[in-house]
Amino acid sequence: MTRLTRLVTAELVPPLLAGTLLFTAILSFGYFFISSQWLAGVPVGLVARWIGYQLPDTLVKVLPMAVVLMTVVAFGRMNTERELVAVQTGGVSLGRVTRPAAFVGLLVTLLSVWLSLWVAPRANVETRGLYWDALTGAGLSQLSGKTVDLGAGLTLYIQGYDAASREMRGVRVEKWQADDPRRGTVIFADRGTFENNQLSLRGYGVYGVDYGAVKALSAVPENDPAALQAAVQAVFPSVVVPQNDTDPLNVDTGLSRKQTLARYADAIGADSEGWPELITAMTAPGVKDSDRAAARLSLNRKLALPFANLVLVLAALPFALRFGRTLGVSLGVALLIAVAYYLLFSVGLSVAGLVPGLPELGVWLANIVFALGGLWLLRRS
C-alpha cells in the first residue's frame, strides 16, 4: 500500500505544480498588463518585487484551479491506461486509491488558509504601498479631496498633495468624542507629511469645539461682552496655535500610510484584513453591528475558498474517470469545473450579502453544492 501511495502521489504532484505555475503566470501577467502604462522606466527589480507581493493572494485564487487540474489529469490518465482497473482487480478500492489526492488536497487547503488569513493581507498592503509610492509616484494624491478614516477615531482630509516632496497641502484632521458627537478636536494645517503611523503637521491650529454650546450664543445679551466671551469660550474651550509656523505637531494614527493607501487609494480597496483584525472586529466591545457582520462575512469567505481545494478533489474525480482521456480534454474539463465553481461562489457571496444574519449559508454554498454533487456523481460512476 505504501508503494501505491507513492505512485499515486507521483502522478498528482506534476500537474498540481504545472497548474499552479500556469494559472499564477496568467493572473500575474494580467496585473502587469493592466498597470503597464505606469511601469515605463521602472526598474525591473522593483516590478518583480511588486508582482512578488501579489503572489500570496494570487495563490489563494489559483490553487483550487490547480487542484482540479491535478485530479482530472492524474486520475484521467490512470483510468485511460486501465491502471485503476488493475488495482481494483487486485482488491484495492477506488476510495483507497484516491486517499493521496485527498491528503494533497488537505495540505493545499492548510497552505491556502495560512496564506489567506496571515500572509496575503499584509502582502496586499505592501503591494498597494509599493505601487502608489514607488511605481507610479502618485503617493497620497489619490486621497486629495477625500475624507478618510485613519482609525483611532481620526479622520483626515487633504486638499492637495505634492508627490516630489511627499507633502500634503490644506490638511484637516478631526477627532470627535464617542459619547458626544458634537464635541471634538479639529486640526487645520497648511502642510504636513504622513509616514508610517504618524502625521507631522506644520502651520497648524488645534481647536477644541463643542457645538452643543452654540445655542447659548443666541441667548447672550448684546450689551454684555463678558457673557459673549464666556459663550464663545464654551464653543471653543481650547485653541492651540504655535508661535513658530515651522514647529511640527505629531499625531499618531491607527492606520499606517501603506494601510491607508491600500484601503482608500483604489476604487476597490485591497483585502488587508487578516485573522487578528477580523477576530477583533467580531469580538471587541464597541464595534458597530454592521462592522461585525462584515468581519463575519469576510472571515467565512477567507476560509471557504481555501477549503474548495479539498472539495474540488471530490467534485473533479468523477469527471476525471469519465472524460480525462487526453491532456487537452483534461485541461478543458478542469477549466469548466473551476469556472463553474467560481461562478457559484460569486452567487453565494451575493446571497450572503442579502442575508447578513447568516452569511455562512451563502459563502459556503459552492462548497456544499460541489461536495454533494461530487458524491452523487461518484455513486453513479
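On a predicted model such as this, the values are computed, not experimentally measured, just so you know. (Residues numbered from 1 in each chain as written. Predicted model: local features only at pLDDT ≥ 70, side-chain atom pairs only at ≥ 80, totals over all residues. Heavy atoms only, no water.)

## As for the packing of helix α10 (residues 289–323) against helix α11 (residues 327–354)
The axes of two packed helices give the description: the angle between them and the distance between them. At their nearest, the axes of α10 and α11 sit 10 Å apart, and the two run at 150° to each other. Regarding α10 and α11, the two cross each other, and that crossing is right-handed. For the pair α10 and α11, the contacting residues are Leu-297, Arg-301, Ala-304, Leu-305, Ala-308, Leu-312, Ala-316, Phe-319 and Phe-323 in the first and Val-329, Val-333, Ile-337, Tyr-341, Tyr-342, Phe-345, Leu-349 and Ala-352 in the second. (Axes fitted to C-alpha atoms, helices over the stretch in contact; angles between N-to-C directions. Helix = DSSP H or I, 4+ residues; strand = E, 2+ residues; numbered from the N terminus. Left-handed = near helix turned anticlockwise from the far one by under 90°. Contact = heavy atoms within 4.5 Å.)

## Let's talk about the UniProt feature "transmembrane region" (unreviewed entry) in the protein chain
According to UniProt, the "transmembrane region" (unreviewed entry) feature falls on residues 12–34, 62–80, 101–120, 303–321, 333–355 and 361–378. In the segment residues 62–80, helix accounts for 100% and strand for 0%; the C-alpha atoms at its two ends are 27 Å apart. What you have in residues 333–355 is 96% helix and 0% strand, and the ends, taken at the C-alpha atoms, are 33 Å apart. (UniProt positions renumbered as here; feature names shortened; annotations may be inferred.)

## Describing the pattern of salt bridges
As enumerated under the stated definition, the model contains 18 salt bridges in all. In this structure, Glu-360 and Arg-296 form a salt bridge, with 2.9 Å as the shortest nitrogen-oxygen distance. One end of the pair, Glu-360, is in helix α12 (residues 359–363); the other, Arg-296, is in helix α10, and 64 residues separate them in sequence. A relative accessible area of 27% places Arg-296 in the partly exposed class. Overlapping salt bridges bring together Glu-11, Arg-77, Glu-81 and Glu-83 as one network. (Salt bridge = Lys/Arg side-chain N within 4 Å of Asp/Glu carboxyl O. Buried < 20%, exposed > 50% of the residue type's maximum accessible area, 1.4 Å probe, protein only.)

## Focus: unusual backbone geometry
For Arg-82, which is not glycine, the phi dihedral falls at a positive 65°. Along the polypeptide, Arg-82 turns up in the loop between α2 (44–80) and α3 (83–89). Backbone geometry places Ala-152, a non-glycine residue, at a positive phi of 55°.

## A closer look at the nonpolar core
In this structure, Leu-12, Phe-75, Leu-312, Ile-337 and Tyr-341 are the most contacted members of the largest nonpolar core, which totals 48 residues. Taken together, the elements giving at least two residues each to this core come down to α1 (2–34), α2, α5 (99–135), α10, α11 and α13 (365–380). If you tally residues by element for this core, the top one is α2, at 14 residues. Residue contacts for Leu-12: discarding those within four places in its chain leaves Met-70, Ala-74, Phe-75, Pro-100, Ala-101 and Val-104. (Core = buried A, V, L, I, M, F, W, Y, C linked by side-chain atoms within 4.5 Å.)

## Some thoughts on the packing of α1 against α2
Viewed as axis vectors pointing N to C, α1 and α2 meet at an angle of 140°, and their least axial separation amounts to 5 Å. When the interaxial angle is binned, α1 and α2 end up oblique. When you trace α1 past α2, the crossing you get is right-handed. Along the lines of polarity and charge, the residues of the contact of α1 with α2 split into 24 nonpolar, 6 polar and 3 charged. (Parallel < 35°, antiparallel > 145°, perpendicular 65-115°, else oblique. Nonpolar A, V, L, I, M, F, W, Y, C, P; charged D, E, K, R; others polar.)

## Here we look at the side chain of Thr-253
Looking at where Thr-253 falls in the secondary structure, it is placed in the loop between β7 (249–252) and α8 (257–264). Among the polar contacts listed, one links the side chain of Thr-253 to the backbone oxygen of Leu-255, at a separation of 2.7 Å. What Thr-253 contacts, discounting residues up to four positions off in sequence, is Leu-150, Ala-152, Leu-154, Phe-194, Asn-197, Gln-198 and Leu-199. (Polar contact = N/O pair within 3.5 Å; in protein donor to acceptor, adjacent residues only side chain to side chain.)

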